Amino acid sequence: MSSHDDKSSLGGVDVVPVTKSQAPGIDMGSIPETEDANTFLATHGTATYTEESNRKLLRRIDMYLMPMMCISYCIQYIDKSALAYAAVFGVKKDLNLKGQEYSLLTSLFYIGYLVAEYPQAWLSQRYHIGRFLGVIMFIWGGILMCSAATRNFADIAAVRFFQGVFESALTPAYIIVTGMWFTRREQPFRVAIWYSMNGLGNAIGALISYGMGLIDGKLDSWRYIFIIEGVMTIVWSVVVFMIFPSSPMRVRWLTDAQKAQAVERIRSNRTGIINREWKWEQVKEALDPRIDPTGHIIFWACVLNEVINGGVATYKGLIIKSIGWTDLQSALFGIAYGAAVTIEIASCGYCAMRFKDSRHWCMIAWLLPSAIGMILQIALPTSNKAGRTIGVLLMPSFVGSLALCMGIPSQNTAGFTKRSVVVGMAFIGYCVGNIIGPLAWVSGQTPAYISGYTTCLACMADQVALFLLLRVYYARQNKKRDQMVIDGLAPDPMALDGDEFEDLTDKQDLKFRYTL
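Residues numbered from 1 in each chain as written. Predicted model: local features only at pLDDT ≥ 70, side-chain atom pairs only at ≥ 80, totals over all residues. Heavy atoms only, no water.

Asks: How would you explain the packing of aromatic side chains if you had to name every residue and give the values?
Replies: As enumerated under the stated definition, the model contains 22 aromatic pairs in all. An angle of 80° between the planes, with centres 5.0 Å apart, marks the rings of Phe299 and Trp300 as edge-to-face. Judged by centre distance (5.2 Å) and plane angle (75°), the ring pair of Phe512 and Tyr514 falls under edge-to-face. Assessed through its relative accessible area of 0%, Phe512 is described here as buried. Since its relative accessible area comes to 5%, Tyr514 is described here as buried. Among the aromatic residues, those joined into a cluster by ring pairs are Tyr73, Tyr174, Trp194, Tyr195 and Phe244. We note Arg184 situated over the ring of Phe512; from NZ or CZ to the ring centre the distance is 4.5 Å. Positioned above the aromatic ring of Phe355 is the side chain of Arg354, whose terminal nitrogen or guanidinium carbon lies 5.5 Å from the ring centre. (Phe/Tyr/Trp six-rings, centres within 6.5 Å; stacked < 30°, edge-to-face > 60°. Buried < 20%, exposed > 50% of the residue type's maximum accessible area, 1.4 Å probe, protein only. Lys NZ or Arg CZ within 6 Å of the ring centre and 35° of its normal.)

Below is the structure:
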């Protein structure tokens, strides 16, 4: 029997029927007691929580969790972008990179990212996530330092590939972690905050590269960039290993009562917290577009967005330099560029949280400044240095759309394994786009990099169509489920029956409503 035949359709809503006795989460199996939300609440008890106590707990979670996530993400971006900083100080010449070899180095990073995506997702689900990420960061810091010893294209290509393999663990894990700790209303802004550390990382990386550019030592200036950033990553990895929590049920900086409250406050998400069992039926549901097409829509949206990112991230230093700035001025300009990235991503997440049902509209709106910035690069004469510089500062706005798009699986996909698979699909799209993106940019064109800009503009137009399609799908599913409640075919979504943590998927759970 096909997967389509295995499901029922009530009122036009595709559902995979699950009875109470069959529901995932009832048989705990080998899952440790403290890792299951229902068991944890049964053994630790619940209480009535006030708005004030919830706000205090949220502040405490933000105070402990968000700085760790932000610092890690900032460091990851610095490390990932080290090659772009090195390009300003002559890495292409010193390693004798020819033709498209420099672009291929970015593609190789994301090929490594792509190869490791699902193995990393499986490992992060099976093991203590903080210790897992600490080990991963330690390894990639060491690999980054190896970049300083490279002598030719083959050397740097191998290093970039393995750097991508290990860096692939962080962002998907953080999407899952955000879903564990925050309500669906709170998640877009939190994702945007730690994702906006791309901008801070860009600014800090620019300062590091500027400082390294002033060194008159035995090594080439760009080699010091890799050494300093690698050491910084290794030091921070020890902190992550020691402190970063596995789940709200296993954390040192909350009392048992606060842990119970942290679990209770996200009950309404209906997306669960964590489940160590890998469930193949949820994998099939995520991958079969006849059951749920949203993972495929998100995949293509991420491909298109990262075609833009792959080119802009790789060539931003050379774009700034092409406007007429010197090497050191280009490095310092990275501070202003980083500030623009931070503001543009954080503002997108804030607006999505602040205004009801605005997520998809924000994803569309934040593509527009990027389009304007690229049009300015094409349309303005080379003599208009100020206008083209402003255009560069507008260009990274598209990353705000990506931050919200990649956060959708944690908010609109229930079932821990299914959510991990959809997050993986998003990041496979992320990798594919970044592999393709740099190849559209060709040096020596007039106007400069016009093929890259026109490719990016086409990708933005296609993303608008996909974001609209996603919103229409979610809105129709919510409307159909609401009608099923009226017709007596589905339970009231407001009723709390103790099934909120049973690891049901969003298709199995007719109380689930998609956020818009």
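Alright, that's what it looks like, and here's the rest.
Asks: Hey, could you go over the confidence of the model for the protein for me, with residue numbers and the actual values?
Replies: The pLDDT averaged across the protein works out to 82; a share of 86% of its residues lies at or above 70. Confidence, expressed as mean pLDDT per element, reaches its minimum in the protein at strand β1 (residues 8–10) with 37 and its maximum at helix α16 (residues 359–365) with 94. Confidence drops under pLDDT 50 across residues 1–34; counting only partners more than four residues distant or on other chains, this segment forms 65 contacts. (pLDDT = per-residue confidence, 0-100. Helix = DSSP H or I, 4+ residues; strand = E, 2+ residues; numbered from the N terminus. Contact = heavy atoms within 4.5 Å.)

Asks: Let's hear about unusual backbone geometry: which residues, and what values?
Replies: Positive phi values are uncommon outside glycine, yet Asn96 reaches one of about 55°. Tracing the chain through its elements places Asn96 in the loop between α4 (91–94) and α5 (101–126). A relative accessible area of 48% places Asn96 in the partly exposed class. The backbone of Asp357 shows a phi angle near 55°, a positive value even though the residue is not glycine.

Asks: Just give me the short version of a nonpolar patch on the surface, but keep the residues and values in it.
Replies: On the surface, a nonpolar cluster with roughly 600 Å² of combined accessible area is contributed by Val135, Phe138, Ile139, Val238, Phe241, Met242 and Ile243. For the nonpolar patch, the secondary structure elements donating two or more residues are α6 (129–146) and α11 (221–243). Looking at the secondary structure, you find Val135 in helix α6. Taking relative accessible area as the criterion, Val135 reaches 42% and is therefore assigned partly exposed. (Patch = residues over 30% accessible without salt bridge, like charges linked within 9 Å, V, L, I, M, F, W, Y side chains within 5 Å. Areas by Shrake-Rupley, 256 points an atom, 1.4 Å probe, with all protein chains shown as cover. Salt bridge = Lys/Arg side-chain N within 4 Å of Asp/Glu carboxyl O.)

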